[in-house]
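Notes for the structure review
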Amino acid sequence: MKSIKKLGGFACVAALALTLLGCGGTTSTTTSGSSAGSAAAGSGSESAYTLVEDGKLIGVSDMAYPPLESIPEGQSDPEGFEIDLMDAVAQKLGLQMEWLPATKFDTIIPLIKQGGKADVGVSAFTITDERKEEIDFSDSYLDSNQGLVTKADATDTTEEALNVAGKKIACQSGTTGEAWIQENLPNAEVVPLDDAIQAMTGVQTGLYDACVADLPVVSYLCTQSYTDCKVAMEIPTGEQYGIVVSKDNAKLTEDINKALAELQEDGTLASLEEKWFGSEL
């Protein structure tokens, strides 16, 4: 998902009990446009960014990419690495993190660019020059590669075997996984879907021959709910995730970067990686 994702091979495990890290920042409110933001990453200085709602950092995600973000069945609140990360970032900014309802991945950047509904997009977005033409990115907070998934007993698992007419390769629409399929498996049929869960389910049921998505996600899913599937190929795309912010909110991007640097320095990022991926990445 995320028009280019990332992460080197690693062992994913079930999420441990929630432990929320982070520290509060100093808050000050100023008027700028319809709603003014506050907090300068703990510096106490007046901010100049605009928030959709005072005192809150409102995020948008597709919420279907465990262990990065998802809403488990029977629950109303999201969970995952990026959910915990944004709670910690918001605390550093002296804000409360809130999420919009799950939104299709390929509509999130246009929504942030348009403004007025969400302050940040957080959904395993790979930082790319093409995307930077529309929005700004924070500094990266996680590295990733792509993973190609097949049924566990499949024999056609190489690029050569899958790059033939009649083969169907699923992916999430608008992601780097889709771009990789188009470039490297041009003879196969690419099948863009709403989310990675649909792609994995299609492989599991035999509807598709394979799917491509971010390695940390497919590794996790293959060890949890899709145990009859396997990561047949790790694709070294060397991607980096960033938080999506409007180009009109440069100060917010700056303060988020300060918060990320502090979370890296104080060990919060490492702790969240261990919690959600089983080890530091």
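Structural notes, computed from the coordinates.

This paragraph deals with the packing of helix α1 (residues 81–92) against helix α8 (residues 250–265). Running from N to C, α1 and α8 cross one another at 110°; their axes reach a closest spacing of 9 Å. Classified by the interaxial angle, the pair formed by α1 and α8 is roughly perpendicular. Relative to α8, the crossing made by α1 is right-handed. Contact with α1, carried on its side by Leu 85, Ala 88, Val 89 and Lys 92, involves Ile 256, Ala 259, Leu 260, Glu 262 and Leu 263 of α8 and no other residues of that element. Partitioning the contact of α1 with α8 into residue classes produces 7 nonpolar, no polar and 2 charged.

Quick look at the sheet that holds strand β6 (residues 136–137) now. Neighbouring strands of a sheet are bound in pairs by backbone hydrogen bonds; such pairs are parallel or else antiparallel. If you trace the 5 strands from one edge of the open sheet to the other, you get β4-β1-β5-β12-β6, paired in mixed fashion. At either end of the open sheet lies a strand with only one pairing partner, and these are β4 (96–99) and β6. Bridging between strand β1 (residues 56–60) and β4 involves 4 bridges; their strand directions are parallel. Across the sheet, residue Ile 58 finds its bridge partner in β4, namely Glu 98. Helix-sheet contacts for α1 involve β1, β4 and β5 (120–121), and the interaxial angle to β4 is about 145°.

A few words now on the pattern of salt bridges. Side chains carrying opposite charge are able to pair once their charged atoms draw close together. Overall, the coordinates contain 13 salt bridges when judged by the stated rule. Residue Lys 247 pairs with Asp 136 through a salt bridge whose shortest N-O separation is 3.3 Å. Taken as a pair, Lys 247 in the loop between β12 (244–245) and α8 and Asp 136 in strand β6 lie far apart in primary sequence, 111 residues in all. For Lys 247, a relative accessible area of 40% corresponds to the partly exposed category. Within this structure, Lys 251, Glu 254, Asp 255 and Lys 258 form a network of salt bridges that share partners.

Criteria and cut-off values
Residues numbered from 1 in each chain as written. Predicted model: local features only at pLDDT ≥ 70, side-chain atom pairs only at ≥ 80, totals over all residues. Heavy atoms only, no water. Axes fitted to C-alpha atoms, helices over the stretch in contact; angles between N-to-C directions. Helix = DSSP H or I, 4+ residues; strand = E, 2+ residues; numbered from the N terminus. Parallel < 35°, antiparallel > 145°, perpendicular 65-115°, else oblique. Left-handed = near helix turned anticlockwise from the far one by under 90°. Contact = heavy atoms within 4.5 Å. Nonpolar A, V, L, I, M, F, W, Y, C, P; charged D, E, K, R; others polar. Pairing = 2+ DSSP bridges. Salt bridge = Lys/Arg side-chain N within 4 Å of Asp/Glu carboxyl O. Buried < 20%, exposed > 50% of the residue type's maximum accessible area, 1.4 Å probe, protein only.

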